[in-house]
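# Observations on the model geometry
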Amino acid sequence: MYGMYPMVKIYTDTNVLHYLGGAFRTETVPEKLAVRLLLAPIAILELLSQLGTKDAESAFAAVQALPRVHNPEACGVLPWSDDFFRMCLFQLPPNKDLVTQSINNAIVRVLNANNAAELKAEGEEMRELLDNAKQEALNNFASLRDNMRTEGRLDAAEDRRIFAQSIARKADINPESVDVDFIVTHLAAHYCFEQQRIDSAATNSSYNIEKRINDEYDAELLIYLADPSLNLLTCDRGFRRAKNSSQGARIHIVQPDMLQSPEGAIAILQSIARLP
């Protein structure tokens, strides 16, 4: 059954991948830790897209370091969100997985490249796709904000129902069949983050959604906490919006300098993984 890992697992956001890439340019994460580390698909896609930006050299170093940070024999990639919902929440098999193989192929191309410049065009293309997706999500959120400012917030029970049914649609199951409380409970951090985001946008006139375009990406990272073995490692204090949820203890927010040396990064990872 998906989600029944025998040990604590750790996944990260994109910035942490950068920090670990810098820390482990030559050093290697001990095997007992490396097998605990998983890649979130949205984080690695963001990293790959940065090969087409001013952060290309750092992104290239981060990907090049993956075999020294993660398990080089079988670097685990978490399922894309739709399949994760199917597998973790509804105990259903995934749909045909095209994302993971594409990510694996892209990583191999970067590992085989001589430098970041060789990958600039590919990175720019991926960057454009991600930016377009983020802009679409931002436009949808802006419409929701405007609607709430006009008509007010939904009743709490109705809000939870709509949330749960939206998850069911993403998982490609009948939205009328879902247990609303089950979905909200298992996606507690994600739901809490989104509720605070919506409340801020609806009530704070100075709330700038353009500056918060990455919130959609951050919210997606939180879905994986539905698996009780998974822990998120980040340096982004914006995730504090989900710390009061029932899953908040598995969101580990650290200072960047704690991850910028092999010794510091290993100490943090050992602490989260509960290893001596």
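## Comments concerning the packing of aromatic side chains
In this structure the tally under the stated criterion is five aromatic pairs. Through successive ring pairs, a cluster of aromatic residues spans Tyr-11, Phe-84, Phe-85 and Tyr-224. Looking at Lys-134, its charged tip hangs above the ring of Tyr-217, at a distance of 5.8 Å from the centre.

## Side note on the side chain of Thr-14
Position of Thr-14 among the secondary structure elements: in helix H1 (residues 14–23). A polar atom in the side chain of Thr-14 sits 3.1 Å from the backbone oxygen of Ala-43. Beyond its immediate sequence surroundings of up to four residues, Thr-14 is in contact with Ala-43, Glu-46, Leu-47, Gln-50 and Tyr-217.

## Focus: the nonpolar core
In this structure, Tyr-11, Ile-44, Phe-85, Ile-183, Leu-187 and Leu-222 are the most contacted members of the largest nonpolar core, which totals 60 residues. By residue number, the principal contributor to this core is helix H3 (residues 41–49), which donates six residues. Once residues lying within four places of it in the same chain are set aside, the contact partners of Tyr-11 are Leu-38, Ala-40, Leu-78, Leu-221, Leu-222, Tyr-224, Leu-225, Leu-230, Asn-231, Leu-232 and Leu-233. The next biggest cluster of nonpolar side chains, apart from the first, holds 22 residues, and it includes Val-16, Ala-34, Ala-265 and Ile-272.

## Digging into the layout of surface pockets
With a probe scaled to a water molecule rolled over the atoms, the places where space remains empty come into view. Space inside the largest pocket adds up to approximately 1100 Å³. In this structure, the largest pocket is lined by 36 residues; those nearest its centre are Ser-166, Lys-170, Glu-194, Arg-197 and Glu-216. Counting residues per element, the ones that place at least two in the lining of the largest pocket are helix H6 (81–89), helix H8 (120–151), helix H9 (156–170), helix H11 (188–203) and helix H12 (215–221). A total of eleven residues in the lining of the largest pocket trace back to one element, the largest contributor, which is H8. Residues belonging to the lining of the largest pocket are distributed by class as follows: 18 nonpolar, seven polar and eleven charged.

## Digging into unusual backbone geometry
Glycine aside, negative phi is the norm for most residues, and most peptide bonds take the trans geometry. Not every positive phi belongs to a glycine, and Gln-91 is a case in point at roughly 55°. Here Gln-91 is to be found in the loop between H6 and helix H7 (99–112). Taking the relative accessible area as the measure of exposure, Gln-91 reaches 42% and is therefore partly exposed. Phi is positive for Arg-274, close to 60°, though the residue is something other than glycine.

## Digging into the packing of H8 against H11
The contact between H8 and H11 brings their axes to 9 Å, and the two run at 60°. Between H8 and H11, the angle falls in the class oblique. As for how H8 packs across H11, the hand of that crossing is right-handed. Contacts from Phe-141, Leu-144, Arg-145, Met-148 and Arg-149 in H8 reach Arg-197, Ile-198, Ala-201 and Ala-202 in H11. Considered class by class, the residues forming the contact of H8 with H11 number six nonpolar, no polar and three charged.

Reading the values: rules and limits
The residue numbers shown here count from 1 along each chain, following its written sequence. Local features in this predicted model are restricted to residues of pLDDT 70 or higher, and side-chain atom pairs are both shown and tallied only at a pLDDT of 80 or more, whereas totals for entire chains, interfaces and linings draw on every residue. Where side-chain values are given, they derive from all heavy atoms of the structure, hydrogens and water being excluded. Side-chain rings of Phe, Tyr and Trp, where Trp is taken by its six-membered ring, are said to pair if the distance between their centres is within 6.5 Å; with planes under 30 degrees apart they count as stacked, over 60 as edge-to-face, and otherwise as tilted. The criterion is that NZ of a Lys, or CZ of an Arg, lies within 6 Å of the ring centre and within 35 degrees of the ring normal, and then a charge sits over that ring. By the criteria applied, helices consist of DSSP H or I runs no shorter than four residues and strands consist of E runs no shorter than two, each listed in order from the N terminus. Between N or O atoms, a polar contact is any pair within 3.5 Å; within protein, one atom must be a potential hydrogen donor and the other a potential acceptor, and residues adjacent in sequence are included only when both atoms are from side chains. Any two residues whose heavy atoms approach within 4.5 Å are treated as being in contact. Think of a nonpolar core as a cluster: buried Ala, Val, Leu, Ile, Met, Phe, Trp, Tyr and Cys residues, connected wherever their side-chain atoms sit within 4.5 Å. The classification of residues rests on relative accessible area computed with a 1.4 Å probe and restricted to protein chains. Under 20% of the type maximum is buried, over 50% is exposed, and intermediate values are partly exposed. In this analysis a 1.4 Å probe is tested at points of a 1 Å grid over the protein atoms alone, and where it fits but cannot get out there is a cavity; an open set with protein on both sides within 12 Å along at least five of seven lines is a pocket; lining residues have an atom within 4 Å of a point. Grid points are joined across faces, edges and corners, and a volume is the space filled by probe spheres set on the points. Under this grouping Gly is polar, as are all residues other than the nonpolar Ala, Val, Leu, Ile, Met, Phe, Trp, Tyr, Cys and Pro and the charged Asp, Glu, Lys and Arg. Simply put, an axis is a line fit to the C-alpha atoms, just over the touching stretch for a helix, and the angle between two N-to-C directions goes from 0 to 180 degrees. Should an angle fall under 35 degrees it is called roughly parallel, over 145 degrees roughly antiparallel, and 65 to 115 degrees roughly perpendicular, with every other angle called oblique. What makes a crossing left-handed is the near helix being turned counterclockwise from the far one by less than a right angle; a clockwise turn instead makes it right-handed.

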